[in-house]
Amino acid sequence: KGDLRSNFTSDLNALKGDLRSNFTSDLNALKGDLRSNFTSDLNALKGDLRSNFTSNLNALKDGLRSNFTSDLNALKGDLRSNFTSDLNALKGDLRSNFTS
């Protein structure tokens, strides 16, 4: 009975040691996988954010460029129209003054 008890105790202690070792190994592997997945996901997110930011920035620049061009063309048109109106009025005044 003493030998059986001793062997049982030894086997039980060995089994506990193996379980502890396997648990620690599995836990460390899990932590490594989680760290790796987190890093991968974080890098993917950073890439997506960078891409979206660049796309939005480019769209904003294009929108500003388009609006600026439209506003500039409208301003040129207004200036041309006002200049022509003022020039025609001046010609009319000169003609009237010359005739008088």
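No experiment lies behind these values; they were computed from the predicted model shown. (Residues numbered from 1 in each chain as written. Predicted model: local features only at pLDDT ≥ 70, side-chain atom pairs only at ≥ 80, totals over all residues. Heavy atoms only, no water.)

**Let's talk about the overall build of the chain**
When you go through the chain residue by residue, the secondary structure sums to 1 helix and 0 strands. Against the compact-globule benchmark of 13 Å for 100 residues, the chain has a radius of gyration of 42 Å, which places it well outside the compact range. Taking the principal axes of the C-alpha coordinates as reference, the chain spans close to 145 × 10 × 10 Å. Counting every position in the chain, which comprises 100 residues, the buried fraction comes to 0%. (Helix = DSSP H or I, 4+ residues; strand = E, 2+ residues; numbered from the N terminus. Rg over C-alpha atoms; globule rule 2.2 N^0.38 Å. Buried < 20%, exposed > 50% of the residue type's maximum accessible area, 1.4 Å probe, protein only.)

**Overview of the pattern of salt bridges**
Between side chains of opposite charge, a pair can form as their charged atoms come close. Going through the model one piece at a time under the given rule, you end up with 1 salt bridge. Where D62 meets R65, a salt bridge forms, and the shortest distance between an N and an O atom there is 3.0 Å. With D62 and R65 both in helix α1 (residues 2-99) and 3 residues apart, the pair spans about one turn of that helix. (Salt bridge = Lys/Arg side-chain N within 4 Å of Asp/Glu carboxyl O.)

**Quick word on a nonpolar patch on the surface**
A contiguous nonpolar surface patch, about 410 Å² in accessible area, is contributed by F8, L12, L15 and L19. Tracing the backbone shows L15 in helix α1. For L15, a relative accessible area of 46% puts it in the partly exposed group. (Patch = residues over 30% accessible without salt bridge, like charges linked within 9 Å, V, L, I, M, F, W, Y side chains within 5 Å. Areas by Shrake-Rupley, 256 points an atom, 1.4 Å probe, with all protein chains shown as cover.)

**Details of the environment of T69**
Summarising the element assignment, T69 is placed in helix α1. When its relative accessible area of 39% is taken as the criterion, T69 is described as partly exposed. Of note is the side chain of T69, whose polar atom sits 2.8 Å from the backbone oxygen of R65. (Polar contact = N/O pair within 3.5 Å; in protein donor to acceptor, adjacent residues only side chain to side chain.)

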